[in-house]
Structures are given as C-alpha cells and as structure tokens.
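Notes for the structure review
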Amino acid sequence: MDFDLTEEQLMIRELCQQIAEEKMKPMREHYDTSHEFPHDIVKAFADADLFGIMIPEEYGGMGGGVMDLCVCVEELCKVDSGTALSLFATGLGLDPILISGSHEQKAKYLPRIAQGTLAAFGLTEAGAGSDASGIQTTAVKDGDEYILNGTKQWITNGGEAEIYTVIAMTNKAKGARGASAFIVEKGTPGFEFGKKEDKMGIRGSATCELIFTDCRIPAENLIAREGMGFIVAMKTLDMSRPGVAAQALGVAAGALEIATQYTRERVQFGKPISANQGVQFMLADMATQVEAARALVYRVARYIDSGAKDISKFSAMVKLYASDVAMKVTTDAVQLLGGYGYMKEYPVEKMMRDAKITQIYEGTNQIQREVIGLSLIKEAAAAKR
Ligand code: COS
C-alpha cells in the first residue's frame, strides 16, 4: 500500500534497504551464532547518519520524527533485528534527553549521539520490571553531585554505550514521585558493567547489567527536576514503543517474504506447495496481519509526530498488536518451511526467536493491555463528568 511517505522517508527506506542487504544480511548468521557485538554494522549506521534521525537539526541531526525512525527500523529488521537493535536502543536512551533534557544537556550529548555514539536506557532492575516504580537504585544529593548506588538489569547496549539515561530514587518514601532521571557517562568511577546476558534471540545485541557503587555524577546531569524520573520514563516509553512495533513489523514482513518465496520453490506431490489452498490461506492471513500492523505503526507514529498529547494508549496498542503479529507470522513461516524452517539453514527460526522479545521488552504485552484498559476507563469516566 502507498502510505504517502515523504521524500526523506523514501530516501531513508532505500538507504536502510541497501545497508540491510549489503552489510547486515551477510553477517546475520555470524552475529546470531557468535553473540559478538556488531561494531561494523554500527559503523555502517553511523556513516549513513541513521543515529541522527530523531535528533533536531540544531543539535546535528536530521530533525525527523517517530515515523522516520519507524521506516528505518522496519527495513533493517526485515533482515536482522538483532544487529539493528543497537540503533533504536540508542533512540530509547536518547529519548529522556530529547523529551525532558535542558538545552545544555542536549547541546552536550545529542551531537555525539547523532554521530554514532551509542546510548542506553537504564530503568529495569531485578525486582522492578513491570512494576517500574519499584526500583531500588538510589541517587543521593551531596553538594553539586549525586551519588548513585544500585544495579540495573537487562540493559540493551549495556557495556557498549557511552551515554546512559538512568532512573534512580531520590526519595523512596514518595514512590513513583520519588524517582529522578540522570545522565551517566561510561568511565565514571563507580560505574561498572556486570553479567553479559546470553539470550534466546536478538543475539547480535548486547544486554548487560549496570552496577553503580558510590558513583558520583555532576548534579547538572539530573534530567528535568527531582521527582520527575518516573514520568520521564513513562513518556520515554510512550515515544519508543512504536519503534518496538516497527521492529516487530520488520521481522514479520521479512519472514513473510521468505515464506512466500519458499512455497513457490518447494515441490511436493509434483507441484509447488503454494498451489495448495491450505498454504495460500496461511500466507493470506500472514500478509493481512502484516499490512494491518504496518497501517497501525505508521498511523500511530504520525499521530505522535503531530504533537498529540494522549499517546500512551495508542503507543501501547501498536506495540501490543505488532509484536503479537510478529510472533504469529514468524511461527507460521517456520511451519511453512517445515523441516527446513526448523533448521538454521534458513533465517526464519532466528526470526521466530527474535520476534519473542518484542512481546516482552519495553513493557510486556500484559502491561500494554493494562495501559490500554486503564486509558479506556479514564476516558469513559471523563466523558460522564
Ligand atoms: N505519561 C506521563 N505520566 C504518566 C504516564 C505516562 N505515560 N504513565 C503514568 N504517569 C504518571 C501518572 O499520572 C502518575 O502521576 P501522579 O503521581 O501525578 O498521579 C505517576 O506517573 C504514577 O503512575 P501510575 O500510578 O499509573 O504508576 P504505576 O506504578 O501503577 O505503573 C505502569 C504503571 C504499570 C503502566 C508502569 O509501571 C509501566 O509502564 N510498567 C512497565 C515498565 C516497562 O515498560 N518496563 C520495561 C523496561 S524499560 S525498556
């Protein structure tokens, strides 16, 4: 379908298709197997200025929006969402500064990120996943510094990123209202990295613990004000969840393409298996779900870019829908490829493993349903007033 992409979006799509085909596809199996960090792919993204997509022009970026990022992420993830993740996880780390940072913070950090310096977002902890306000990491003010103590878990780009946006409690007694957001640079004394996780999918990405032990950071690294950390985190997730949806969409579209092609080539009972109505029905359902996911991703991305304020519900919906589609479509792709689909010889088994995380991270799909449900109830209550 024609989604009236702008000149810039068409250019981004073409550029990403080229990087995916020339740089990512040949290395896909290597990074999935070796679990190494894909520095060469990151360089290709940086050389193409992809890290600057959402950074305003005055800070050295392209000045694009969520829609531009989604177009990029979808194309890269059609081939390999594992290695592509370094790019949009940087977007997640960047969002708190973009949304709530001061001019000085933006001037200091955004040009570096636009040039390809990786960023990461540190919210999750061992005991605080879905319950994001249950974090235990503390930040105590001491003169013109804050002292951080605690451990963050499962941080994408952890260890590889130079710039971290971290949520810590400045006043535990206040619960969600006692959290604050900070910028922490790699190399700060007292900031170390723990276990590198061994994952089911997205293996071309780094996931690592962040450990803070009496880590002193300048007070000027506080984002917004004390007590705003939970809201900064929630606004960040509202902005970034469509990116996860675009990731899921790309994985699903990539798997559909491979499955469609395979069914035309695989001959059984003397004819291509695509000649069977049962196979056609499966492809039809997969394609319909992919198109519906794409329509929702693009619509929600554009809605956010329009400056709309009530985005939480739609951001949750698109992440929920597209990730469920990705899981279903990649599972069906494996089914259509049969024994070959289950083997590492074809990339669909990897795509199925890669799809799973989209139903889990940046809020499980159960949390997305909660966000949507609570929004509906609040809207209904407001309409009655
Ligand atoms: N935008 C702005 N403010 C928001 C917000 C949003 N999207 N969502 C919540 N808030 C505000 C609320 O309005 C409330 O403000 P007040 O204190 O002024 O009333 C405050 O934040 C606390 O909100 P709430 O009471 O709803 O918080 P809960 O602790 O009940 O948590 C959920 C709500 C479950 C939605 C939240 O914890 C969440 O999103 N969890 C998933 C986290 C996640 O995605 N983790 C993945 C790791 S990050 S990659």
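Residues numbered from 1 in each chain as written. Predicted model: local features only at pLDDT ≥ 70, side-chain atom pairs only at ≥ 80, totals over all residues. Heavy atoms only, no water.

Some words on the pairing of strand β7 (residues 207-218)
- Sheet analysis places strand β3 (residues 145-156) next to β7, joined by nine bridges and oriented antiparallel. What sits directly across from Leu148, in β7, is Cys215.
- The pairing of strand β6 (residues 191-196) with β7 spans four bridges and is classified as antiparallel. Each residue of the ladder has a partner; that of Phe193, found in β7, is Leu210. (Pairing = 2+ DSSP bridges. Helix = DSSP H or I, 4+ residues; strand = E, 2+ residues; numbered from the N terminus.)

A closer look at the layout of surface pockets
- What the largest pocket holds in volume is close to 1300 Å³.
- Secondary-structure elements contributing two or more residues to the lining of the largest pocket are α5 (81-100), β1 (119-122), β3, α7 (229-265), α9 (312-342), α10 (348-356) and α11 (365-384).
- Broken down by element, the residue count for the lining of the largest pocket peaks at seven residues, all from α11.
- Looking at the lining of the largest pocket residue by residue, the classes come out as 24 nonpolar, twelve polar and 14 charged. (1 Å grid on protein atoms, 1.4 Å probe; cavity = no way out; pocket = protein on both sides within 12 Å on 5 of 7 lines; lining within 4 Å. Points joined across faces, edges and corners; volume = space filled by probe spheres on them. Nonpolar A, V, L, I, M, F, W, Y, C, P; charged D, E, K, R; others polar.)

A word on the domain arrangement of the chain
- By domain assignment, the chain separates into domain 1 (7-118), domain 2 (120-229) and domain 3 (237-383).
- Relative placement of domain 1 and domain 2: their C-alpha centres are 22 Å apart.
- Buried area between domain 1 and domain 2, summed over both chains or domains, comes out near 2200 Å², and the portion from carbon and sulfur atoms is 59%.
- The largest contributions to the domain 1 side of the interface with domain 2 come from His35, Tyr109 and Leu118, which together make up 28% of the buried area. (Domains from an automatic or database assignment. Buried area = accessible area lost by both parts, 1.4 Å probe.)

A closer look at the pattern of salt bridges
- Across all of its chains, the model carries 21 salt bridges by this definition.
- The partner of Lys78 in a salt bridge is Glu75, with the nearest N and O atoms 3.1 Å apart. Remark: Glu75 and Lys78 occur in helix α4 (residues 66-79); sequence separation between them is three residues, near one turn of the helix.
- Given the relative accessible area of 5%, Glu75 is considered buried.
- Two residues, Asp354 and Lys350, come together in a salt bridge whose shortest N-O distance is 2.5 Å. With Asp354 and Lys350 both in helix α10, this residue pair falls four residues apart, about one helical turn.
- Note on Asp354: relative accessible area 2%, which makes it buried.
- Exposure remark for Lys350: the relative accessible area of 6% places this residue in the buried category.
- Where salt bridges share partners, they join Glu74, Glu75, Lys78, Glu291 and Arg294 into one cluster. (Salt bridge = Lys/Arg side-chain N within 4 Å of Asp/Glu carboxyl O. Buried < 20%, exposed > 50% of the residue type's maximum accessible area, 1.4 Å probe, protein only.)

Comments concerning helix α3 (residues 39-47)
- Those residues of α3 not exposed but buried are Ile41, Val42, Ala44, Phe45 and Ala46.
- As for α3, its buried residues are in contact with α1 (7-24), α2 (28-34), α4 and α5.
- Downstream of α3 by one or two residues, Asp49 has phi in the positive range, about 65 degrees. (Contact = heavy atoms within 4.5 Å.)

What to know about the packing of α5 against helix α6 (residues 103-114)
- Running from N to C, α5 and α6 point in directions that differ by 160 degrees, and their axes come no closer than 10 Å. One way to sum up the angle between α5 and α6 is to call them roughly antiparallel. Remark: the crossing between α5 and α6 carries left-handed chirality. The segment α5 lies against α6, with Thr90, Leu94, Ile97 and Leu98 engaging Gln105, Lys106, Tyr109, Leu110 and Ile113.
- Across the contact of α5 with α6, the residue classes break down as six nonpolar, two polar and one charged. (Axes fitted to C-alpha atoms, helices over the stretch in contact; angles between N-to-C directions. Parallel < 35°, antiparallel > 145°, perpendicular 65-115°, else oblique. Left-handed = near helix turned anticlockwise from the far one by under 90°.)

Quick word on the pairing of strand β5 (residues 179-185)
- Within β5, six of the seven residues are buried, which leaves the element mostly enclosed by the surrounding structure.
- Where strand β4 (residues 163-169) meets β5, seven bridges bridge the pair, whose relative direction is antiparallel. By the bridge assignment for β5, Met169 is matched with Ala179.
- As judged from the two bridges shared by β5 and strand β8 (residues 222-223), these two strands associate in the antiparallel manner. If you follow Ala181 over to β8, its bridge partner there is Ile223.

Considering the site of the ligand
- Taken together, 19 residues surround the ligand, and among them Ser130, Arg177, Asp238, Arg241 and Gly363 come closest.
- Taking Arg177, its side chain carries an N or O atom lying 2.5 Å from an oxygen atom of the ligand.
- Glu362 places a main-chain nitrogen or oxygen 3.5 Å from an oxygen atom of the ligand.
- Calculation on the ligand without its partners gives an accessible area of 1000 Å², and the protein chains cover 65% of this total.
- If you list the elements that add at least two residues to the shell around the ligand, you get α7 and α11.
- Counting residues per element, the shell around the ligand draws most heavily on α7, which supplies six residues.
- For the shell around the ligand, the per-class residue count stands at nine nonpolar, six polar and four charged.
- If you count residues domain by domain, the shell around the ligand takes at least three from each of domain 2 (120-229) and domain 3 (237-383). (Near = heavy atom within 4 Å. Polar contact = N/O pair within 3.5 Å; in protein donor to acceptor, adjacent residues only side chain to side chain. Areas by Shrake-Rupley, 256 points an atom, 1.4 Å probe, with all protein chains shown as cover.)

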